[in-house]
Amino acid sequence: MTPTSEAADRVQLVFSLFDADGNGFLEPADFKLMSDRVVAAVPAAGDAVKDRLAASFRRYGDTLLTELDANGDGRISPEEFDSVVLNPQRFGAAVDEFAEALAAMGDPEGDGFVARPEFVALMLAIGFRRPNIEALFDAFGPDGDDRIRVATWADGIRDFYRPEKSGIPGDHLTANASA
């Protein structure tokens, strides 16, 4: 399946964000750096939720290395990443785990909702730009208390990694991403 142009933009953005140390490659240390930043973004979250998110980052990084490191050098180049990362058959389980863990991290009260401040804090910790984050949150249709459902966010994360998707809320994250 050929990814949509929106999906291709999402892949480039994800690579740049996951390259947490900025050296042009994805390595296990990048996922540790990202995990530490994101886990620290919502101090009120419980330890079990934080541990779950850290584990999902490790699994995602391990899955990427296993699946994409074509030359066996222990890191993923942009070319290796671009070639197959939007493949639900290969990455669906890792993306599902990550989506559920990240969305749960935004719900420290455990009431099934993510309030804007937690959402923004987590997305800033990942590295997205604030205007894009705000546009995404609004696209998810917050309720009168300025909250979205945990399940809505988790589904949005899954959609972000689907190659056939376009016109999804997650596309707000790539708008003017390089600006």
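Look above for the structure.
What counts, and at which threshold
- Residues numbered from 1 in each chain as written.
- Predicted model: local features only at pLDDT ≥ 70, side-chain atom pairs only at ≥ 80, totals over all residues.
- Heavy atoms only, no water.
- Salt bridge = Lys/Arg side-chain N within 4 Å of Asp/Glu carboxyl O.
- Helix = DSSP H or I, 4+ residues; strand = E, 2+ residues; numbered from the N terminus.
- Buried < 20%, exposed > 50% of the residue type's maximum accessible area, 1.4 Å probe, protein only.
- Axes fitted to C-alpha atoms, helices over the stretch in contact; angles between N-to-C directions.
- Parallel < 35°, antiparallel > 145°, perpendicular 65-115°, else oblique.
- Left-handed = near helix turned anticlockwise from the far one by under 90°.
- Contact = heavy atoms within 4.5 Å.
- Nonpolar A, V, L, I, M, F, W, Y, C, P; charged D, E, K, R; others polar.
- Phe/Tyr/Trp six-rings, centres within 6.5 Å; stacked < 30°, edge-to-face > 60°.
- Lys NZ or Arg CZ within 6 Å of the ring centre and 35° of its normal.
- Polar contact = N/O pair within 3.5 Å; in protein donor to acceptor, adjacent residues only side chain to side chain.

**Student:** What's the story with the pattern of salt bridges in this structure? I'm lost.
**Tutor:** Pairing between side chains becomes possible if they bear opposite charge and their charged atoms approach one another. Within the structure shown, the criterion is met by 16 salt bridges. Taking the shortest distance from any N to any O, the salt bridge between Arg59 and Glu97 comes out at 2.7 Å. Of this pair, Arg59 sits in helix H3 (residues 47-68) while Glu97 sits in helix H5 (residues 88-105), and the two are 38 residues apart along the sequence. Accessibility expressed as a relative area gives 24% for Glu97, which makes it partly exposed. As a salt-bridge pair, Asp143 and Arg147 come within 3.0 Å of each other at their nearest N and O atoms. Residue Asp143 is classed as partly exposed on the basis of its relative accessible area, which comes to 28%. On the basis of relative accessible area, Arg147 is assigned to the partly exposed category, the value being 21%. If you follow the salt bridges from partner to partner, you end up with Arg116, Arg130, Glu134, Asp138 and Asp146 in one network.

**Student:** For this particular structure, what's the right way to read the packing of helix H2 (residues 28-40) against helix H6 (residues 116-126)?
**Tutor:** The contact between H2 and H6 brings their axes to 8 Å, and the two run at 160°. Judged on the interaxial angle alone, H6 and H2 are roughly antiparallel. In the packing of H2 onto H6, the handedness of the crossing is right-handed. Listed contacts from H6 to Met34, Arg37 and Val38 of H2 are Leu122, Ala125 and Ile126. Its residues assigned to classes, the contact of H2 with H6 shows five nonpolar, no polar and one charged.

**Student:** How should I be thinking about the environment of Arg116 in this particular structure?
**Tutor:** With respect to the helices and strands, the residue Arg116 is situated in helix H6. Exposure remark for Arg116: the relative accessible area of 15% places this residue in the buried category. Considered as a pair, Arg116 and Gln12 are 104 residues apart in the sequence and their alpha carbons are 26 Å apart. If we ignore the near neighbours within four places in the chain, the residues touching Arg116 are Glu134, Phe137, Asp138, Pro142 and Asp146.

**Student:** Sorry, what's going on with the packing of aromatic side chains here?
**Tutor:** In this description, a pair of aromatic rings is defined by centroid distance and the angle of the planes. Scanning the entire structure with this criterion turns up 11 aromatic pairs. Look at Phe119 and Phe140: their rings are 6.3 Å apart centre to centre, the planes differ by 90°, and that puts the pair in the edge-to-face class. Of this pair, Phe119 sits in helix H6 while Phe140 sits in the loop between helix H7 (130-139) and strand E2 (147-149), and the two are 21 residues apart along the sequence. Side by side, Phe119 and Phe140 carry an identical accessibility label, which is buried. Of note, Arg10 hangs over the ring of Phe160, and the distance from its end group to the ring centre comes to 5.7 Å. Against the face of Phe25 rests Arg75, its NZ or CZ located 3.5 Å from the ring centre.

**Student:** I'm lost on the packing of H2 against H3 in this one. Help?
**Tutor:** The axes of two packed helices give the description: the angle between them and the distance between them. Taken N-terminus to C-terminus, the directions of H2 and H3 make an angle of 160°; their axes are 9 Å apart at the nearest point. The orientation of H2 relative to H3 falls into the category roughly antiparallel. Along this stretch, H2 crosses H3, giving a crossing that reads as right-handed. Contacts between H2 and H3 involve Pro28, Phe31, Met34, Ser35, Val38 and Val39 from the former and Lys50, Leu53, Ala54, Phe57, Tyr60, Gly61, Leu64 and Leu65 from the latter.

**Student:** Where do I start with the environment of Glu134 in this structure?
**Tutor:** Relative to the assigned elements, Glu134 resides in helix H7. The contacts of Glu134, once residues within four sequence positions are left out, are Arg116 and Val120. Among the polar contacts made by the side chain of Glu134, one reaches the side chain of Arg116 at a distance of 2.5 Å.

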